[in-house]
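The primary structure of each chain is shown beneath.
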Amino acid sequence: MSELDRRRFLKVMLGAGGALIVGLPLRALHAATPPLPLALLGDNWTRLSAFVSIEPNGRTLIGARAPDTGQGVRTSLPRIIADELDADWARVEVLAMPLGVEDDNGKPRWLYGPQHAGGSRNIAEAWQDLRSIGAAARWLLRQAAAQRWNLPAERLGTHAGWVIAPDGRRLDYGELAAAAAQLQLPDAGVAPKPASDYKLIGQPAGDVDARAMVEGRQAFAFDQTWGDGYVAVIARCPYAEGELAHLDDSAARAVAGVEKIIPISVREASGLIGDVPLAPGIAVLARDTWAALKGRTQLALRWRARHGGDASTAALTQQAELLLKGAPTTPVRNDGDFTKAFKAAAHRVEAEYHVPFVAHATMEPMSCMALITSDRAHLIAPTQSPRRALGIVQRLTGLDAGSILIEMPRIGGGYGRRLDDDYIAEAVLLAQAAGKPIKLLWMREDDMTHDVYRPFGVHRLAAGTDRKGRVEAWQHHLASTSRLWHRGVPASQLWTSEMQSDALPAGLVPNFQLGWYALDFPLWRGAWRAPSHDSNTFAIESFLDEIAHATHQDPLKLRLALLGAARQWQVQGVTFDSGRLAAALQRAATEIGWGTRVPAGHGRGLACAFSAGGYCAHAMEVSVQGGKVHFHRAVAVVDVGRVVNPLGVDAQIMGGTLDALSTALKLEITVKDGQVQQQNFPEYPIARMRELPRAVEVIAIASGATPVGAEDLGVPSAAPALANAIFAATGKRLRRMPFAAQLARMG
Amino acid sequence: MAPLPPQVPPAHITPQPRREGIHLQVNGKPYLHAGDPDMPLLWWLRDYLQLTGTKYACGIGDCGACSVLVDGEPVHACLTPMQTLAGRKVTTVEGLALADGSPGALQQAWINEDAILCGYCQAGQLIAAHALLQRHPRPSEADLDTLPNLCRCGSYPRIRKAILRAARARAGKPENPA
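Keep in mind it's a predicted model, so treat the numbers as computed, not measured.

Undergrad: Got a minute to help me understand the overall build of chain A in this structure?
TA: Along the backbone of chain A there are 18 helices and 34 strands. Relative to its length of 747 residues, chain A is compact, with a C-alpha radius of gyration of 27 Å against a globular reference of 27 Å. If you line up chain A on its principal axes, its C-alpha atoms span 80 × 75 × 45 Å. Residues counted as buried form 58% of the 747 residues belonging to chain A. Look at the contacts in chain A between residues 6 or more apart in sequence, and 78% of them connect residues 24 or more apart.

So this is what it looks like as structure tokens:
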């Protein structure tokens, strides 16, 4: 059952001027109930929260509950509601909903169901609950029309904001709104429409904010302003575990426009606020951004490491190599007898793959607006995890959940970075200390050096096949820096963020062994797009290619043989259908012309992945000249179930693919003397237009299955497809990301 | 409520001397900057004019998110001090619309191609594309490869399509030859 229980909570309200409002009533009145955008409030705003409001003129307001980081949910979630409603999309206006929460005896009670951005989960969750909101509103409008016409409701149709009678008479939703608002929903609830009646779902829709974006009107968090507030920038400790050794702020205080210098110390010994890391820092608060930046350059500061002042990624590689010679920290899975089967194998293949730390480097650096008074807190926070942010605000202010308003504007990229809300903690601490509203900005250098990085890992794989090339033994050993390090997770569970015990090819190989080795390293880690799938899929799908070549098999046929006959089982808590993955792979191969003649110097590569309930296969055709990869074709075939917005799925898969290619080719975070070496884009060169495929051919397989999100689905299989294509073109196997250094040596 | 007292115009008006500072135009309107002449244009646009379409992303003139036009040429606003702008004409993303307020050809092409993912870099991309079309009204794929601006989301293929669409629209060709 979804969090948002439709039968119990759906409520109908009459809004100002006769609007129909369908939403979720709060159970208790509370003075600081988060205000919704005014247009959604009607005259019941102290008691009402709402998803749908239909005004007498037919304008339809739909609330978007999840923060949009570029994954398109401000378009796709409202369209799910609008389709059930049979709304006229041209008359729909989408409004952002703040975090819906009220105080329930000291605990937060969530009002709007799931509100977050992460794990590509929004679409699947919306399918569970948001459809009922549109269906209920449509039911009410049809009932109102039935009463008006004295006809049975079942005989009335709806289309694009109209109720239509069998004789062709029609009434606009706006004309029916006031009457519909007087009706009660049936206790049994209202069933969503059959798929055959979908009108918006499955049809392409552009981003609802496109016009505001191209006109520069779309407000991101840092675009907003609070009249008498301060702009804050912070000089942070460069060590993961360090402290202030010396501060002289006299020159900074002398800078015109600088108002306050405030130290941020980590009160909790763990270096965490809740389970979110927070760096010690010195904040410069000023009247404008430029004064704050100038002030920061005038701080005379020295930091010292408490631990790990000599840490380096070069030494970390050695630590991994040494560890991998011994027994795993955690034996994750053991089917059959790997050792025996490997010894007995006709062919044995072994390989080692290296995955570096990488940064999130969202285009919009971290920022937060915070206004804190003794009895309330108001934040405009570009967070993927507003509930976690609420917990941090509560922890720092002692306010109850109902007194905290968290607005979530459009966000300039998340990719998992904003699941950690350290920047929100900073803004709250500064707003409290300064007694004024704060606009906190991270500079790019802050963002690059104080990220929560994708974990570093060294993967060692070994496989044995029988004489026919069937994979009989498989061992995957991974030494990595768990992203759960220092997050209050027991040592025995640190592996859980790094490997999935049931991830493919688990269950497909009889003698199968997974083992994880704990690397110790002082650098904060976090979730990075399709966490662990991206790194592990690179190793696994590259290795499958190596097995195929070593045993003179076609890499496509080897994968299809391994997947075997179509059947279903549970993987990572959801149903996996091997037939759907095989179909995606086969289709990608067909599209790229797999098995047909390849132009001289070109090579083709394949890879596939199952992630967050979705299926993806990549096929690439590349050549390498002058140390650079030339992309001739990039194909991505996905199966995300029913496609809610084809234009959105295309954008997400295109974007995920290009991001993964850019990351695999060029990106790496290194540490020397305990400090991150990369400061800005020249040292962390995210690929530009000329370096990436001119087009990504995205194909979404038609399906009626429950939809899942596509946000990160294009990421995991792109890098191994590229590595496999480079091998096919050059005979050189790239086992170490990023590929750029090795490509340069290939000349 | 008491009525406001009647307003009496002054008998003499002494013209104020021209105020000291940097006089410039932004999107066709005159402005004066009387603050720190070292202040980069980016922060002046954002903090004082509330023209927040122009974004900060690197601060070192590398990524292009802060691109604006100065006298028609693209520059990085993050590295352009106000003191270099006396008498210059600045155009930001907010100034790309047509005179009647409707989107310009590039902006409309962006909307039609749904070129936006997170959207944060797109103001700079539009300015860079605008400058490219000035140099190459009918850009080739190789011309498009020269676009320098960074997009973290991977919207590049749609940006390419949007620019080609805008070029066709400006040349008066049908939007979709198919």
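Undergrad: Looking at this structure, I do not really get the overall build of chain B. What am I missing?
TA: Along its length, chain B carries 5 helices and 5 strands. Along its sequence from the N terminus, chain B presents helices and strands in the succession β-β-α-β-β-β-α-α-α-α. Taking 2.2 N^0.38 as the reference for a compact globule, 178 residues should give roughly 16 Å; the C-alpha atoms of chain B span a radius of gyration of 20 Å, well beyond that estimate. Principal-axis analysis of the C-alpha atoms gives chain B an extent of 70 × 40 × 30 Å.

Undergrad: Would you mind showing me how to read the interface of chain B and chain A here?
TA: It is common to give the size of an interface as the accessible area lost on bringing the parts into contact. Between chain B and chain A, the contact holds 46 residues from the first and 49 residues from the second. Those elements giving two or more residues to the side of chain B that touches chain A turn out to be α1 (41-48), α2 (105-112), α3 (122-135), α4 (141-145) and α5 (156-170) of chain B. For the side of chain B that touches chain A, a count of residues per class yields 27 nonpolar, 10 polar and 9 charged.

Undergrad: Help me understand the domain arrangement of chain A in this model?
TA: Residues and elements named next belong to chain A. Domain boundaries assigned for chain A yield domain 1 (6-214), domain 2 (221-307 + 366-441) and domain 3 (324-358 + 453-746). Across the contact, 21 residues belong to domain 1 and 22 residues belong to domain 2. Of all the elements, strand β6 (residues 101-104) adds the most residues to the side of domain 1 that touches domain 2, at 3 residues. Looking at the side of domain 1 that touches domain 2 residue by residue, the class counts come to 9 nonpolar, 8 polar and 4 charged.

Undergrad: It is not clear to me how the domain arrangement of chain B should be interpreted in this structure. Could you clarify?
TA: All names here are of chain B. Here chain B is described as being made up of domain 1 (22-95) and domain 2 (105-170). Counting residues at the interface gives 13 residues for domain 1, matched by 12 residues for domain 2. Per-class residue counts for the side of domain 1 that touches domain 2 are 8 nonpolar, 4 polar and 1 charged.

Undergrad: Explain the pairing of strand β16 (residues 281-286) of chain A to me, please; I cannot follow it from the model alone.
TA: If a strand is regular, its side chains alternate between the two faces of the sheet. Residue and element names in this part refer to chain A. Counted residue by residue, β16 has 6 buried out of 6 residues, so it is predominantly covered. Inspection of the sheet shows strand β11 (residues 230-236) paired to β16 by 6 bridges, in the antiparallel sense. The residue bridging V231 from the neighbouring strand is A286, located in β16. Note: strand β13 (residues 258-264) against β16, 6 bridges, orientation antiparallel. Residue V258 lies in a different strand from β16, and its bridge partner there is A286.

Undergrad: Would you explain unusual backbone geometry in this entry?
TA: For residues besides glycine, phi is generally negative; the peptide bonds are generally trans as well. Residue A:P505 follows A:L504 across a cis peptide bond; omega there is 5 degrees. Along the chain, A:P505 falls in the loop between β25 (471-480) and β26 (511-518). Here the bond from A:M737 into A:P738 is cis, since omega is -5 degrees, no more than 30 degrees from zero. Relative to the helices and strands, A:P738 resides in the loop between α17 (718-730) and α18 (740-746). The backbone of A:Q572 shows a phi angle near 50 degrees, a positive value even though the residue is not glycine. Even without being glycine, B:D71 reaches a positive phi, approximately 50 degrees. When you line up the elements, B:D71 lands in the loop between β3 (67-70) and β4 (73-76). Among the residues examined, B:D71 registers 12 C-beta atoms within 10 Å and is labelled exposed.

Undergrad: Help me understand helix α3 (residues 122-149) of chain A, please; the structure alone is not making it clear to me.
TA: Note that an α-helix has 3.6 residues per turn; residues three or four places apart therefore point the same way. All names here are of chain A. Taking 1.5 Å of rise per residue, the 28 residues of α3 would be expected to cover 40 Å, and the 39 Å separating its terminal C-alpha atoms lies within 8% of that figure. Where α3 bends most, at Q128, the angle is about 45 degrees. The buried fraction of α3 is high, at 23 of 28 residues.

Undergrad: Mind showing me how you'd approach the pairing of strand β21 (residues 377-380) of chain A here?
TA: All names here are of chain A. Covered by surrounding structure in β21 are A377 and L379 together with H378 and I380, the residues of both alternating faces. Relative to β21, strand β20 (residues 367-372) runs antiparallel, the two sharing 4 bridges. Note that in β21 the partner of I372 across the bridge is A377. Judged from the 4 bridges that link them, β21 and strand β22 (residues 404-407) form a sheet pairing that is parallel. Directly across from H378, in β22, lies its bridge partner L405.

Undergrad: Hey, could you run me through the nonpolar core in this one?
TA: Grouped burial of nonpolar side chains is what soluble globular proteins tend to show. Residues and elements named next belong to chain A. Counting residues in each nonpolar core, the largest one holds 296 residues, and the members touching the most others are A232, L379, V638 and L722. When residues in this core are grouped by element, the largest group, 14 residues, is from α3. Contact partners of V638, with chain neighbours within four places excluded, come to A584, G614, Y615, C616, V649, I653, A700, I701, A710 and L713.

Undergrad: Explain α1(B) to me, please; I cannot follow it from the model alone.
TA: Extensive coverage of α1(B) is indicated by the burial of 7 of its 8 residues. For α1(B), the set of buried residues is B:L41, B:L42, B:W43, B:W44, B:L45, B:R46 and B:D47. Contacts made by the buried residues of α1(B) are with α7 (289-297) of chain A together with β2 (29-33), β3 and β5 (89-91) of chain B. Phi turns positive one or two residues past the end of α1(B), at B:Q50, with a value near 55 degrees.

Undergrad: Explain the environment of B:C66 here, please?
TA: Residue and element names in this part refer to chain B. Mapped onto the fold, C66 is located in the loop between α1 and β3. Note: C-alpha distance between C66 and I159 (93 residues apart in sequence) is 17 Å. Once residues lying within four places of it in the same chain are set aside, the contact partners of C66 are L42, T54, K55, Y56, H76, A77, C78 and G124.

Undergrad: How should I be thinking about the sheet that holds strand β23 (residues 438-441) of chain A in this particular structure?
TA: Residue and element names in this part refer to chain A. Here we have 7 strands laid out as an open sheet, ordered β13-β16-β11-β23-β20-β21-β22, and mixed in their pairing. At either end of the open sheet lies a strand with only one pairing partner, and these are β13 and β22. Between one strand and the next, the sheet's axes are offset by a mean angle of 20 degrees, whatever the strand orientation. Of the strands in this sheet, β11, β13, β16, β20, β21 and β23 are in contact with helix α11 (residues 422-434), which crosses β20 at around 35 degrees.

Undergrad: Explanation requested: the packing of α2(B) against α5(B) in the structure shown.
TA: Helix-helix packing: each pair is described by the crossing angle between the helix axes and the interaxial distance. Residues and elements named next belong to chain B. Two elements in contact, α2 and α5, have axes whose closest approach is 8 Å; the angle formed by their N-to-C orientations is 130 degrees. Viewed along their axes, α2 and α5 adopt a mutual orientation that is oblique. Seen along the crossing, α2 lies across α5 with a hand that is right-handed. Where α2 approaches α5, its residues A105, L106, A109, W110 and N112 are matched on the opposing element by A162, R165, A166, A169 and R170. Residues that form the contact of α2 with α5 fall into these classes: 7 nonpolar, 1 polar and 2 charged.

Undergrad: Before we go on, may I ask you to explain the confidence of the model for chain A in this structure?
TA: Low-confidence regions, as indicated by low pLDDT, have predicted coordinates that should not be scrutinised in detail. All names here are of chain A. Chain-level pLDDT for chain A is 92 on average; 93% of the residues reach the 70-or-more range. Low pLDDT (under 50) marks residues 1-9, which in the prediction has 16 contacts with non-local residues, meaning those over four places away or in another chain. Contacts of residues 25-49 to residues separated by more than four positions or lying in other chains number 57 contacts, the stretch itself having pLDDT below 50.

Undergrad: Can you walk me through the packing of α3(A) against helix α4 (residues 173-180) of chain A in this structure?
TA: All names here are of chain A. Here α3 crosses α4 at 90 degrees, and the two axes come no closer than 8 Å. Our classification of the angle between α3 and α4 gives roughly perpendicular. Residues L140, L141, Q143, A144, A145, Q147 and R148 of α3 lie in contact with α4, whose contacting residues are Y173, L176, A179 and A180. Taken together, the residues that form the contact of α3 with α4 break down as 8 nonpolar, 2 polar and 1 charged.

Undergrad: How do you make sense of the sheet that holds strand β34 (residues 697-700) of chain A when you look at a structure like this?
TA: Think of a sheet as strands paired side by side through backbone hydrogen bonds, with each pair either parallel or antiparallel. Residue and element names in this part refer to chain A. Read from one edge of the open sheet, 4 strands run β29-β30-β31-β34, paired in mixed fashion. Because the sheet does not close on itself, it has two edges, and the strands there are β29 (603-611) and β34. When strand polarity is set aside, the average angle formed by the axes of neighbouring strands in this sheet is 15 degrees. Looking at chain direction, strand β31 (residues 628-639) and β34 are connected through 4 bridges and run parallel. Within β34, the position partnered with A636 by the bridge is V698.

What counts and how
- Per-chain numbering applies: the sequence of each chain, read as written, is numbered from 1 onward.
- Here chains are named by letter from A upward and ligands by number from 1 upward, in the order in which they appear as written.
- With pLDDT at 70 or above as the cut-off, local features in this predicted model cover only qualifying residues; side-chain atom pairs require 80 or more to be listed or tallied, and sums for whole chains, interfaces and linings still use all residues.
- Starting at the N terminus, helices and strands are each numbered in turn, a helix being any DSSP run of H or I of at least four residues and a strand any DSSP run of E of at least two.
- Computation of the radius of gyration draws on C-alpha atoms, with the globule rule given as 2.2 Å multiplied by the number of residues to the power 0.38.
- Working definition of burial: number of other C-beta atoms within 10 Å of the residue's own, with buried at 20 or more, exposed at 12 or fewer, and partly exposed in between, all C-beta atoms being placed from the backbone.
- Residues are scored as being in contact if the C-beta atoms we place from backbone atoms lie within 7 Å.
- Residues are grouped as follows: Ala, Val, Leu, Ile, Met, Phe, Trp, Tyr, Cys and Pro are nonpolar; Asp, Glu, Lys and Arg are charged; all remaining types, including Gly, are polar.
- Start and end positions for the domains come from either an automated domain assignment or a database one.
- Whether two strands pair comes down to DSSP finding at least two bridges between them.
- Here, expected helix span is obtained from the residue count minus one, scaled by 1.5 Å.
- The quantity called bend is, for any residue, the angle between two axes fitted respectively to the seven residues ending at it and the seven beginning at it.
- The term nonpolar core refers to a set of buried Ala, Val, Leu, Ile, Met, Phe, Trp, Tyr and Cys residues connected through C-beta atoms within 7 Å.
- Convention adopted: a line fitted to C-alpha atoms gives each axis, helices being fitted over their contacting stretch, and angles between N-to-C directions are expressed from 0 to 180 degrees.
- Angle categories: roughly parallel below 35 degrees, roughly antiparallel above 145, roughly perpendicular from 65 to 115, and oblique for all the rest.
- By definition, turning the near helix anticlockwise from the far helix through less than a right angle yields a left-handed crossing, and turning it clockwise yields a right-handed one.
- Residue-level confidence of the predictor is what pLDDT reports, using numbers from 0 through 100.

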